[in-house]
Amino acid sequence: MSDPEEGSVPPRRGPSVALMEVITAAVLFAVGAVVIYDSQRLGSGWGSDGPQSGYFPFYIGLTLCLSAAAIALRALSGGLRAGETFIDGGQLRQILSVLVPATIYVGLIHLLGIYVASALYIAVFMVWLGRYDIARAVAVSLGVGVFFFLMFEKWFAVPLPKGPLERMLGF
Amino acid sequence: MTELSSLFQGFAVALTGYNIVLMFVGIVLGVLIGVLPGLGGANGVAILLPLTFTMPPTSAIIMLSCIYWGALFGGAITSILFNIPGEPWSVATTFDGYPLAQQGRAGEALTAAFTASFVGAFVAVLMITFLAPLVAKFALKFGPPEFFAVYMLTFFSFVGMGKGSPFKTLAAMMLGFALAAVGLDTVTGQLRLTFGSTELMRGFDFLVAVIGLFGIGEILLTMEEGLAFKGQSARIDGKVVLETWKKLPRYGMTMLRSCLIGCWMGITPGGATPASFMAYGVAKRASRDGEKFGTGQLEGVIAPETGAHAAGTSALLPMLALGIPGSPTAAVLLGGLLVWGLQPGPLLFVEQKDFVWGLIASMYLGNIAGLIVVLTSVPLFAAILRIPFSIIAPVIIVICAIGSYTVHGAMLDVWLMLLFGVVGYVFKKLNYPLAPMVLALVLGDKAEDSFRQSMLFSEGSLAIFWSNWLVGSIATLAIVMLFWPLLSATMRRIRSGRVEPFEPGQAG
């Protein structure tokens with residue numbers, strides 16, 4: 001993937017790639033274990049009329065667990081602290097500055113409907129991260145919101161979640 | 001030459017005014033998707049798929065496949081002008097494309113890239129025209145064991161041809177299969193892995209996974225790099241195009257080689273990305289100017305673009321003929337076929353002649369339309385990239401959210417999209433391949449069905465996969481693929497020092 005240039009860059013601080021490898025492998029192992037557990041519950045053997053529900057998933061879960069173990073062992077062999085940094089503080093802040101508002105946005109869709117929530121989200125993103133003045137942010141976000149409303153509700157007749165504003169306007 | 005007459009019937013189906021308009025709309029949307037970060041062929045088609053449900057299937061698939069061609073073309077624009085690959089398969093294009101743009105030869109590089117893409121696609125479509133019906137006819141004889149052997153070959157090829165850790169390929173694939181198993185088991189009627197949740201009964205839709213993994217994941221990666229687009233400007237006029245075209249015949253052999261690599265990698269699920277790298281590598285080794293590669297050689301743009309486009313196009317062959325997609329985007333198109341009630345696979349060529357040949361004819365037309373669109377409108381698409389990321393990013397996230405919601409009209413899918421976004425980000429940073437995961441999610445149920453039916457025939461004995469020469473050779477090839485990383489490592493150790501190790505997958 002992207003390898004940062006060596007030399008002039010100050011040392012990046014954060015979890016190592018090896019640590020992330022182990023964590024990811026652990027999560028995958030857990031998923032595999034859940035699959036195996038559920039397959040056993042359903043029966044992973046041979047029923048009266050052929051293979052049971054858990055027959056195929058059982059081997060899927062097993063392979064997932066084995067691969068995850070192999071990945072973790074390989075990552076552990078070099079030591080957890082050694083090697084490249086997975087993500088540093090600055091990068092993490094950048095990621096969260098997208099992820100957190102996006103999560104709030106999806107939450108707001110439940111309350112406000114998708115159009116209002118989208119317009120709000122775009123406006124906040126532009127002002128907060130893009131440092132646009134409010135007038136321009138409002139113009140862009142309203143434009144996008146109205147465009148999507150027309151596109152989905154009118155042209156394609158694909159209903160999307162609507163909120164109090166749309167109800168007030170009689171949709 | 002029944003293929004030719006079928007093809008002409010196909011042209012008659014595809015060449016209506018409505019379809020041609022859709023073709024151009026699809027290409028423009030596709031190039032746009034290819035140019036924008038966070039939107040690519042797979043998730044772009046996934047988002048637009050629900051909008052086409054009201055159209056006739058042939059028109060819908062024409063538009064969707066044109067989006068795909070557009071995205072294949074569009075990736076080159078950002079690679080050459082901005083040194084940012086818009087799509088993973090255009091990474092290799094940046095090596096020589098961007099240096100050319102820096103030397104002020106962007107127009108030349110773009111023309112060469114587009115023309116090379118066109119040639120690659122054209123050869124691949126020719127191959128589809130004549131090979132797909134044969135494969136389909138052959139596959140009509142397939143029973144469940146043969147199909148499962150082909151699924152095995154498909155999936156194990158990822159392990160054999162993948163560049164990264166084979167265990168990561170396996171893990172990603174198994175995660176896809178596990179997610180596919182969630183929900184109602186259609187054979188026994190039991191609920192699997194739902195843990196009492198009624199929302200999970202629907203299972204995980206791969207469209208949502210694709211939108212999250214490729215869309216949100218890509219936005220997060222781009223954000224992390226704190227990206228600011230700084231690009232070269234480009235103008236393409238008739239003179240540049242003609243002058244570049246005059247130079248192209250010189251690179252005929254390179255194109256031919258790249259086409260072959262691309263077609264091979266497309267049919268086997270190597271995909272467009274490894275095909276582009278391999279085509280670049282082989283061209284570098286074979287070219288007289290090999291050592292100048294990376295400094296702005298036209299040949300270094302032509303090779304990967306031809307390879308990527310040939311692979312991207314031929315990925316549709318196994319999708320149409322066997323019902324097994326060769327790439328994530330082909331998988332999304334396959335999902336579309338299922339929604340329209342068309343069962344991809346050998347029977348499609350018998351039962352839905354109009355549809356199949358209409359689609360194949362539209363591949364010829366779509367690529368011609370694509371070449372025209374990209375050659376005439378590069379400045380427009382380059383201007384879109386100058387829109388700041390802080391406007392593009394939230395709009396793309398909104399589009400992804402809408403796209404996930406429209407799949408089933410469920411809010412849970414929007415939350416899952418966010419979750420898949422984080423998974424996609426972590427997987428990409430740790431070099432887990434996403435393609436096998438998506439394909440496993442799409443094909444999980446069908447692979448399981450063919451496995452179960454085979455087991456029913458043989459009463460639980462795996463020997464059924466070696467019960468005749470046909471299924472036996474496919475299954476054996478699959479096993480070779482699975483252990484290929486081990487085999488090639490051993491072989492390399494044996495002849496180490498003597499010969500430079502060759503790219504894995506070449507010999508497979």
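Since the structure is predicted, the reported quantities are computational estimates derived from the model, not experimental observations. (Residues numbered from 1 in each chain as written. Chains lettered and ligands numbered in written order. Predicted model: local features only at pLDDT ≥ 70, side-chain atom pairs only at ≥ 80, totals over all residues.)

(A) The overall build of chain A, seen in detail. Along the backbone of chain A there are six helices and two strands. Element order for chain A, N to C, with α for helix and β for strand: α-β-β-α-α-α-α-α. What you see for chain A is a C-alpha radius of gyration of 24 Å, clearly larger than the 16 Å of a compact globule of 171 residues, by over 25%. Counting only C-alpha atoms and orienting by the principal axes, one finds that chain A spans roughly 65 × 60 × 25 Å. Across the 171 residues that make up chain A, the buried fraction comes to 35%. Look at the contacts in chain A between residues 6 or more apart in sequence, and 65% of them connect residues 24 or more apart. (Helix = DSSP H or I, 4+ residues; strand = E, 2+ residues; numbered from the N terminus. Rg over C-alpha atoms; globule rule 2.2 N^0.38 Å. Buried ≥ 20, exposed ≤ 12 C-beta atoms within 10 Å, placed from the backbone. Contact = placed C-beta atoms within 7 Å.)

(B) Here's a closer look at the overall build of chain B. Regarding its fold elements, chain B presents 22 helices and two strands. Rg of the C-alpha trace for chain B: 22 Å, near the compact-globule value of 23 Å for 508 residues, within the 12% margin. Expressed as lengths along the three principal axes of its C-alpha atoms, the size of chain B is roughly 65 × 55 × 50 Å. Across the 508 residues that make up chain B, the buried fraction comes to 62%.

(C) Spatial organisation of the nonpolar core. Of all hydrophobic cores here, the largest spans 238 residues; its most connected members are Leu64 of chain A together with Ile80, Ala171, Val210 and Val438 of chain B. Looking at this core element by element, the count peaks at 18 residues for helix α6 (residues 106-139) of chain B. In this view, Val438 of chain B contacts Gly176, Phe206, Ala209, Val210, Pro328 and Ala331 of chain B; residues no more than four positions away in its chain are not counted. (Core = buried A, V, L, I, M, F, W, Y, C linked by C-beta atoms within 7 Å.)

(D) Here's a closer look at the packing of α6 of chain B against helix α13 (residues 298-314) of chain B. Residues and elements named next belong to chain B. For the pair α6 and α13, the least separation of the axes is 7 Å and the interaxial angle reads 35°. The handedness of the crossing between α6 and α13 comes out as right-handed. Residues belonging to the contact of α6 with α13 are distributed by class as follows: 15 nonpolar, seven polar and two charged. (Axes fitted to C-alpha atoms, helices over the stretch in contact; angles between N-to-C directions. Left-handed = near helix turned anticlockwise from the far one by under 90°. Nonpolar A, V, L, I, M, F, W, Y, C, P; charged D, E, K, R; others polar.)

(E) Looking closely at the interface of chain A and chain B. Chain A puts 51 residues into the contact, and the matching count from chain B is 49 residues. Residue assignment for the side of chain A that touches chain B shows that the elements contributing at least two residues are α1 (17-42), β2 (50-51), α2 (55-77), α3 (89-112), α4 (114-128) and α5 (134-155) of chain A. Of the residues in the side of chain A that touches chain B, the class split is 35 nonpolar, 14 polar and two charged.

(F) Spotlight on the environment of Thr273 of chain B. Residues and elements named next belong to chain B. Within the element layout of this structure, Thr273 appears in helix α12 (residues 272-286). Residue Thr273 is classed as buried on the basis of its C-beta count, with 25 C-beta atoms lying within 10 Å. When the C-alpha atoms of Thr273 and Ser327 are compared, they prove to be 10.0 Å apart, with 54 residues separating the residues in sequence. Those residues in contact with Thr273 that sit more than four places away from it in its chain are Pro88 and Trp89.

(G) Representation of the packing of helix α2 (residues 17-35) of chain B against helix α4 (residues 57-82) of chain B in the model. Residue and element names in this part refer to chain B. For the pair α2 and α4, the least separation of the axes is 6 Å and the interaxial angle reads 35°. For α2 against α4, the interelement crossing comes out right-handed. Here the residues of the contact of α2 with α4 are counted per class, giving 21 nonpolar, nine polar and no charged.

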